[in-house]
Amino acid sequence: TILQAIDYVKNGISIFIFPEGTRNKGEELSLLPFHEGSFKIADKTGCAIIPVSINNTNQIFEAHFPRVEKQHIIVEYGKPIYMKDLDKETKKKIGVYCHDIIEETIKRNASLV
């Protein structure tokens, strides 16, 4: 899957990845750990990682299971991150680095919902 994604990106196709790997059914303001493998695509292609935070998603589905309901959400796109611009230690823990950026943004935007 990662090799196919690398090929797509090299051919100009953008990919949106949720690096938690599953829906987070827990606390709204927390994230599950990120899967480091999902960041290999950016490392191998040189493409930017755009951190995206989304607030109030649990109100769409989990809070009203099994129904899906229309809700007000907040989506914020962060500054692009390029692997080539990061130091060696940050590259090793790119998942944690991105996780922290997104989690900080989610907490900051919580009051907007």
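**Quick look at the layout of surface pockets**
Put simply, the largest pocket is a space of about 1000 Å³. Around the largest pocket, the lining comprises 41 residues; the ones closest to its centre are F16, I17, F18, P19 and V52. Those elements that place two or more of their residues in the lining of the largest pocket are α2 (40-45), β1 (52-55) and α4 (94-109). Top element by residues in the lining of the largest pocket is α4. It accounts for three residues. Per-class residue counts for the lining of the largest pocket are 26 nonpolar, ten polar and five charged.

**Let's talk about the state of the cysteines**
Inspection of the entire model under this criterion finds zero disulfides. Cysteine C47 shares no disulfide, and the gap to the nearest cysteine sulfur, in C98, comes to 11 Å. C47 sits in the partly exposed class, given a relative accessible area of 23%.

**Comments concerning a nonpolar patch on the surface**
Taken together, F16, F18, I50, I73, V75 and Y77 make up a surface patch of nonpolar side chains, about 600 Å² in accessible area. In this fold, F18 is placed in the loop between α1 (2-10) and α2.

Definitions and cut-offs
- Starting afresh in each chain, residues are numbered from 1 along the sequence in its written order.
- pLDDT decides what is reported in this predicted model: residues at 70 or higher carry local features, side-chain atom pairs at 80 or more are listed and counted, and totals for whole chains, interfaces and linings draw on all residues regardless.
- Only heavy atoms go into the side-chain values, all of them from the structure, while hydrogens and water stay out.
- A cavity here means a set of points on a 1 Å grid, drawn over the protein atoms and nothing else, where a 1.4 Å probe fits but cannot get out; a pocket is an open set with protein on both sides within 12 Å along at least five of seven lines, and a residue lines either one if it has an atom within 4 Å of a point.
- Grid points are joined across faces, edges and corners, and a volume is the space filled by probe spheres set on the points.
- Under the DSSP-based scheme used, a helix requires at least four consecutive residues in state H or I and a strand at least two consecutive residues in state E, with every element numbered from the N terminus.
- Here the term charged refers only to Asp, Glu, Lys and Arg, the term nonpolar to Ala, Val, Leu, Ile, Met, Phe, Trp, Tyr, Cys and Pro, and the term polar to all other amino acids, Gly among them.
- Put simply, a disulfide is two cysteine sulfurs that come within 2.5 Å.
- The cut-offs for exposure are 20% and 50% of the maximum accessible area for each residue type, with area from a 1.4 Å probe on protein chains only; residues under the lower value are buried, those over the upper are exposed, and the others partly exposed.
- Exposure above 30% relative accessible area and no salt bridge define the residues that can form patches, which grow by joining like charges within 9 Å and nonpolar side chains of Val, Leu, Ile, Met, Phe, Trp and Tyr within 5 Å.
- In this description, accessible areas are obtained by the Shrake-Rupley approach with a 1.4 Å probe, and a residue is regarded as covered only by the protein chains that are shown.
- Salt bridges are counted wherever a side-chain nitrogen of Lys or Arg sits within 4 Å of a carboxyl oxygen of Asp or Glu.

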